[in-house]
Structures are given as C-alpha cells and as structure tokens.
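Chain by chain, the residues run as shown.
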Amino acid sequence: MPGNKKEEMIFGLMMVFGMVSIMFAYNITLEGLWGGMTIGKGFTLFALTFIVAFIIEAFVVGTIARRIAFKLPYNKSKKIYNIVAISTCMVVGMVLFMSVYGLISKIVTTGIEGTILSNYANLLLLNFIVAYPAQLLIVGPVARYILMNYVKPSNKAVQL
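Residues numbered from 1 in each chain as written. Predicted model: local features only at pLDDT ≥ 70, side-chain atom pairs only at ≥ 80, totals over all residues. Heavy atoms only, no water.

### Section: the overall build of the protein
(1) Moving on: Tallying secondary structure elements over the protein gives 4 helices and 0 strands in all.
(2) Moving on: Tracing the protein from N to C terminus, the helices and strands come up as α-α-α-α.
(3) Moving on: Across its three principal directions, the C-alpha atoms of the protein cover 55 × 40 × 25 Å.
(4) Moving on: Counting across all 160 residues of the protein, residues that qualify as buried make up 36%.
(5) Moving on: Once local pairs closer than 6 in sequence are excluded, the contacts in the protein between residues at least 24 apart make up 72%.
(6) Moving on: Counting every atom, the protein has about 9700 Å² of accessible surface; 73% of that belongs to carbon and sulfur.
(7) Moving on: Across the protein, the mean location of the 13 positive side-chain charges is 13 Å away from that of the 5 negative side-chain charges. (Helix = DSSP H or I, 4+ residues; strand = E, 2+ residues; numbered from the N terminus. Buried < 20%, exposed > 50% of the residue type's maximum accessible area, 1.4 Å probe, protein only. Contact = heavy atoms within 4.5 Å. Areas by Shrake-Rupley, 256 points an atom, 1.4 Å probe, with all protein chains shown as cover. Lys, Arg positive; Asp, Glu negative; His and termini not counted. Charge placed at Lys NZ, Arg CZ, Asp CG, Glu CD.)

If you want it as structure tokens, here you go:
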C-alpha cells in the first residue's frame, strides 16, 4: 500500500490506467464501436476518459471510499480485508460516477432508447460486473506488485 503522497499518486495513476484500459475496451465492445473508430479518435476518447477518471478518483471517490472502508466492521489487522474493503468502496464509487460519464458519452455519440434512468441502471450493472473482478483480480494485484517491487525500492534508494 502507498506510504506517502508520491506513492499514492503513482499507485492511483496505475489503478486508473489499468481500470480505464479494461473498462474502455469493454464499453467500446458493448457498443460495437471498434469498426468505426480511427486510432486518433480512440486515443482521444481514451485520454479524455483517463483524465475524467483520474480527477474523480483523486478528488472525490478515493477520499470518500477510504473513509467509508475504514468505518466498516471488519478485522482491520488483516491486510487482505483492508484491500477488499477499499477496493469494493472504490469500485462502487467509480462505477457510479463513470457510468454517468458513459451515459453522457452514449447520448452524445449514438443516442439512447428508453429513459435515462433505465439506461443508467443498465450501465451500472454492466460496468460493475466487469469492474469489480477486474479490480480485485487483475488491476489491484498488478498495481500493488509494481508499487512494492519497483516504486517503493526506488524511493528508499533516493532517500539514502
């Protein structure tokens, strides 16, 4: 886990990059937009999505999710419980916000059928069922591995 602001920033960037990569590919696939998208348009949409997600994670969801996670009743002495609690709160918060972003993108690009509320509920469900396992099984472990094996050792070497 991050031990200072620099490590927290690097860890946050890795988590957002990993989750945006997975969720971007997933949502583009769901909408069937791969065929009609140029590399430039894809890169622009990815970059915009990354920026929005990072701002939301860094300034809204991250702080609230950690606060809520540590108020939950579980054995806080076990690191795995802390990871699952924080990850769960982060995924719920990010899915709530990023599904609004996705709904706005969908309205602007392809339009929607039905009500905004039903479309939002559908996006929430579809995004959560991919985001939660992706966070717990892929992105979180990879980001923690990189943090512990590459970022923290280099920070210790600089401080010596």
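Now that the structure has been shown, we can carry on.
### Notes on the environment of Ile 86
(1) Moving on: Within the secondary structure, Ile 86 is located in helix H3 (residues 79-109).
(2) Moving on: Sequence separation between Ile 86 and Ile 68 is 18 residues; the distance between their C-alpha atoms is 8.2 Å.
(3) Moving on: Leave out the neighbours within four places in its chain, and Ile 86 touches Met 1, Arg 66, Ala 69 and Phe 70.

### Things to note about the packing of helix H2 (residues 39-71) against H3
(1) Moving on: Two elements in contact, H2 and H3, have axes separated by 8 Å at closest approach and are oriented at 135°. By the criterion of interaxial angle, the relationship of H2 to H3 is oblique. Two packed elements cross with a definite hand, and for H2 against H3 that hand is right-handed.
(2) Moving on: Classifying every residue of the contact of H2 with H3 gives 19 nonpolar, 4 polar and 2 charged. (Axes fitted to C-alpha atoms, helices over the stretch in contact; angles between N-to-C directions. Parallel < 35°, antiparallel > 145°, perpendicular 65-115°, else oblique. Left-handed = near helix turned anticlockwise from the far one by under 90°. Nonpolar A, V, L, I, M, F, W, Y, C, P; charged D, E, K, R; others polar.)

### A look at the pattern of salt bridges
(1) Moving on: Going through the model one piece at a time under the given rule, you end up with 1 salt bridge.
(2) Moving on: For the salt bridge of Glu 31 with Lys 106, the shortest nitrogen-to-oxygen distance reads 3.5 Å. In this pair, Glu 31 sits in helix H1 (residues 5-31) while Lys 106 sits in helix H3, placing the two residues 75 residues apart along the sequence. (Salt bridge = Lys/Arg side-chain N within 4 Å of Asp/Glu carboxyl O.)

### Quick notes on the side chain of Asn 127
(1) Moving on: Along the polypeptide, Asn 127 turns up in helix H4 (residues 116-159).
(2) Moving on: A polar side-chain atom of Asn 127 sits 3.1 Å from a polar atom in the side chain of Asn 27. (Polar contact = N/O pair within 3.5 Å; in protein donor to acceptor, adjacent residues only side chain to side chain.)

### Description of the packing of aromatic side chains
(1) Moving on: Counted according to the given criterion, the structure contains 6 aromatic pairs.
(2) Moving on: Taking the centre distance of 6.4 Å and the plane angle of 70° together, the rings of Phe 17 and Phe 50 count as edge-to-face. Here the residue Phe 17 occupies a position in helix H1, and Phe 50 occupies one in helix H2, the gap between them amounting to 33 residues.
(3) Moving on: Looking at Phe 17, the relative accessible area reads 45%, which means it is partly exposed.
(4) Moving on: For the ring pair Phe 128 and Tyr 132, a centre distance of 5.3 Å and an interplane angle of 15° mean the geometry is stacked. One end of the pair, Phe 128, and the other, Tyr 132, are both in helix H4, 4 residues apart, so they sit about a helical turn from each other. (Phe/Tyr/Trp six-rings, centres within 6.5 Å; stacked < 30°, edge-to-face > 60°.)

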